[in-house]
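# Close look at the chain arrangement
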Amino acid sequence: MTEALLNTLQPLAQVAALGGAVAAAPLLWWRQRSRSATPAGRLAALTLLTLFLTFDLIVFGAFTRLTDSGLGCPDWPGCYSAASPVGAHAEIQAAQTAMPTGPVTHGKAWIEMIHRYLASGVGLLILLLCVLSWRLARRPAASGAERMPSPWWPTLTFVWVCVQGLFGALTVTMKLFPAIVTLHLLFGLGLLMLLVWQREAYLPRPLAAPHGLRWAVAGVLGLVLLQVALGGWVSTNYAVLACDEFPTCHGGDWWPAPDFAQGFELWRELGRTGAGHWLSFPALAAIHLAHRLGALAVLLAVSLLAWRLRPLAPGGSRVLLAALGWQLITGLSNVVLDWPLLAALGHTGGAAVLLALLTLLLARLRATSS
């Protein structure tokens with residue numbers, strides 16, 4: 001038991017140290033750029049930096065999944081108990097010799113471990129943000145002091161990123177279990193939304209709007225989150241090409257007898273039903289078609305919201321429509337171009353941007369109602 005714990009803690013500390021090295025350069029840049037800023041200004045800049053790196057982490061996580069590198073190192077937190085693929089060269093070589101296309105190859109191992117280093121770096125930045133927020137909150141308040149969000153927000157964000165790390169570990173140890181991988185994606189996007197909300201709290205730019213518009217934004221945000229969950233379910237079940245035509249699904253058929261019960265059986269292994277049988281084509285088609293129907297609902301809802309925003313924030317309305325258009329183009333490209341990597345990455349990044357925009361809009365409208 002002690003040896004097993006040591007085999008986990010030692011690579012965990014080493015991976016965290018490498019994550020610290022990854023975070024060092026952005027931290028030096030932040031310190032240099034915010035040297036003359038106020039304490040709140042420095043925290044705002046650190047939040048923005050962490051937000052940017054979290055977006056990068058989400059896109060790189062998609063790259064890890066789309067290149068089938070999620071099991072490039074089949075244990076956690078290290079790679080065959082080593083801090084990097086260099087220390088696991090022999091084990092990786094043996095696995096690659098046995099199965100040349102993976103799941104374990106030298107290239108995939110490096111992709112997986114770089115993803116872990118980036119995640120550790122973001123986690124350390126969020127920990128620093130949490131510590132600095134509490135230190136600043138405990139200082140005596142001066143008259144005319146800057147606006148500061150509650151330090152409980154970065155505390156919640158730190159807890160959130162720890163849970164996200166747990167799902168990252170389960171993604172590997174449970175061998176790409178679809179429900180776990182989808183939750184891992186959703187928690188990553190939730191982390192981005194938390195950081196967007198905090199960044200806006202430092203420099204509020206309230207928008208005067210009818211109270212009902214705030215509820216409309218919240219409703220559209222919830223709908224987009226549901227659609228992103230459906231998209232994650234499509235990706236983690238490799239159901240993108242279950243419908244390889246548009247607007248029809250397959251072979252000119254609009255509705256190829258989808259099996260929604262089997263497709264949305266949530267607790268099961270990758271490619272299997274809960275009973276252990278292979279997942280059928282109608283089940284994969286059901287997953288894909290559900291995402292298409294969700295896309296239509298999102299297209300109508302976001303378009304209507306953008307139209308309602310035009311008198312209030314014409315620039316924001318255009319940006320929202322641009323993000324929606326990007327999602328439409330990249331989503332269609334995934335189908336008609338046979339799931340190219342760039343289109344798939346663009347679709348994940350676009351989903352993150354759309355959620356960030358709606359979160360930002362909700363935060364600004366919320367400021368006017370208090």
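This text follows the structure it describes.
Residues numbered from 1 in each chain as written. Predicted model: local features only at pLDDT ≥ 70, side-chain atom pairs only at ≥ 80, totals over all residues. Heavy atoms only, no water.

Along the backbone of the protein chain there are 11 helices and zero strands. Listing the helices and strands of the protein chain from first to last along the sequence gives α-α-α-α-α-α-α-α-α-α-α. Compactness check: the protein chain gives a C-alpha radius of gyration of 22 Å against a globular reference of 21 Å for 370 residues, within 12% of the reference. The principal-axis extents of the C-alpha atoms in the protein chain amount to approximately 65 × 55 × 30 Å. (Helix = DSSP H or I, 4+ residues; strand = E, 2+ residues; numbered from the N terminus. Rg over C-alpha atoms; globule rule 2.2 N^0.38 Å.)

Below, the discussion takes up a nonpolar patch on the surface. On the surface, a nonpolar cluster with roughly 460 Å² of combined accessible area is contributed by W254, W255, F260 and L293. Along the chain, the position of W255 falls in the loop between α7 (211-236) and α8 (260-263). (Patch = residues over 30% accessible without salt bridge, like charges linked within 9 Å, V, L, I, M, F, W, Y side chains within 5 Å. Areas by Shrake-Rupley, 256 points an atom, 1.4 Å probe, with all protein chains shown as cover. Salt bridge = Lys/Arg side-chain N within 4 Å of Asp/Glu carboxyl O.)

A few words on the state of the cysteines. A complete count under the given rule lists two disulfides for this structure. C243 shares a disulfide with C249; S-S distance 1.9 Å. Its S-S torsion of about -75° marks the bond between C243 and C249 as left-handed, since a negative value means left-handed. In this pair, the class of C243 matches that of C249, namely buried. Cysteine C130 is unpaired, with the sulfur of C162 as its nearest cysteine sulfur at 9.6 Å. On the accessibility criterion, C162 (42% relative accessible area) is partly exposed. (Disulfide = S-S within 2.5 Å. Buried < 20%, exposed > 50% of the residue type's maximum accessible area, 1.4 Å probe, protein only.)

Cis peptide bonds are those with omega within 30 degrees of zero, and the linkage from W76 to P77 qualifies with 5°. One can find P77 in the loop between α2 (39-66) and α3 (89-98). Residue P247 is reached from F246 by a cis peptide bond, and omega for that bond is 5°. Locating P247 in the fold gives a position in the loop between α7 and α8. Phi at S81 takes a positive value of approximately 65°, unusual for a residue other than glycine. You can see S81 is positioned in the loop between α2 and α3. Under the relative-accessibility criterion, S81 is labelled partly exposed at 42%. Backbone geometry places D338, a non-glycine residue, at a positive phi of 65°. Turning to its location among the elements, D338 is positioned in the loop between α10 (314-336) and α11 (341-368).

Moving on, we come to the pattern of salt bridges. Within the structure shown, the criterion is met by two salt bridges. In this structure, E112 engages R116 in a salt bridge whose closest nitrogen and oxygen atoms are separated by 2.9 Å. Taken together, the residues E112 and R116, both in helix α4 (residues 106-137) and four residues apart, mark about one turn of the helix. Residue E112 is classed as buried on the basis of its relative accessible area, which comes to 5%.

The terminal C-alpha atoms of α7, which comprises 26 residues, lie 38 Å apart, in line with the 38 Å expected from a rise of 1.5 Å per residue. At the C-terminal side of α7, Y238 shows a positive phi close to 55°. (Expected span 1.5 Å × (residues − 1).)

This brings us to the packing of α2 against helix α6 (residues 178-202). Contact pair α2 / α6: the axes reach a minimum separation of 9 Å and the direction vectors enclose 160°. Judged by the angle between their axes, α2 and α6 are roughly antiparallel. Crossing geometry of α2 relative to α6 is assigned as left-handed. Here A40, L43, A44, T47, L48, T50, L51, T54, F55, I58 and R65 of α2 come into contact with α6, specifically with V181, G188, L189, L191, L192, L195, V196, Q198, R199 and Y202. Tallied by class, residues from the contact of α2 with α6 come to 14 nonpolar, five polar and two charged. (Axes fitted to C-alpha atoms, helices over the stretch in contact; angles between N-to-C directions. Parallel < 35°, antiparallel > 145°, perpendicular 65-115°, else oblique. Left-handed = near helix turned anticlockwise from the far one by under 90°. Contact = heavy atoms within 4.5 Å. Nonpolar A, V, L, I, M, F, W, Y, C, P; charged D, E, K, R; others polar.)

Quick look at the environment of M174 now. Within the secondary structure, M174 is located in the loop between α5 (152-173) and α6. Accessibility expressed as a relative area gives 27% for M174, which makes it partly exposed. M174 sits 99 residues away from D75 along the chain, and the two C-alpha atoms are 10.0 Å apart. Beyond its immediate chain neighbours, meaning those up to four positions away, M174 contacts I180 and W267.

Now for the packing of α5 against α6. Look at α5 against α6: their axes get within 9 Å of each other, and the N-to-C directions meet at 160°. Between α5 and α6, the angle is such that the two are roughly antiparallel. α6 is crossed by α5, and the crossing has left-handed handedness. Contact residues: W153, P154, L156, T157, W160, V161, V163, Q164, F167, G168, L170 and T171 in α5; I180, V181, L183, H184, F187, G188, G190, L191, L194, L195, W197 and Q198 in α6. Of the residues in the contact of α5 with α6, the class split is 16 nonpolar, eight polar and no charged.

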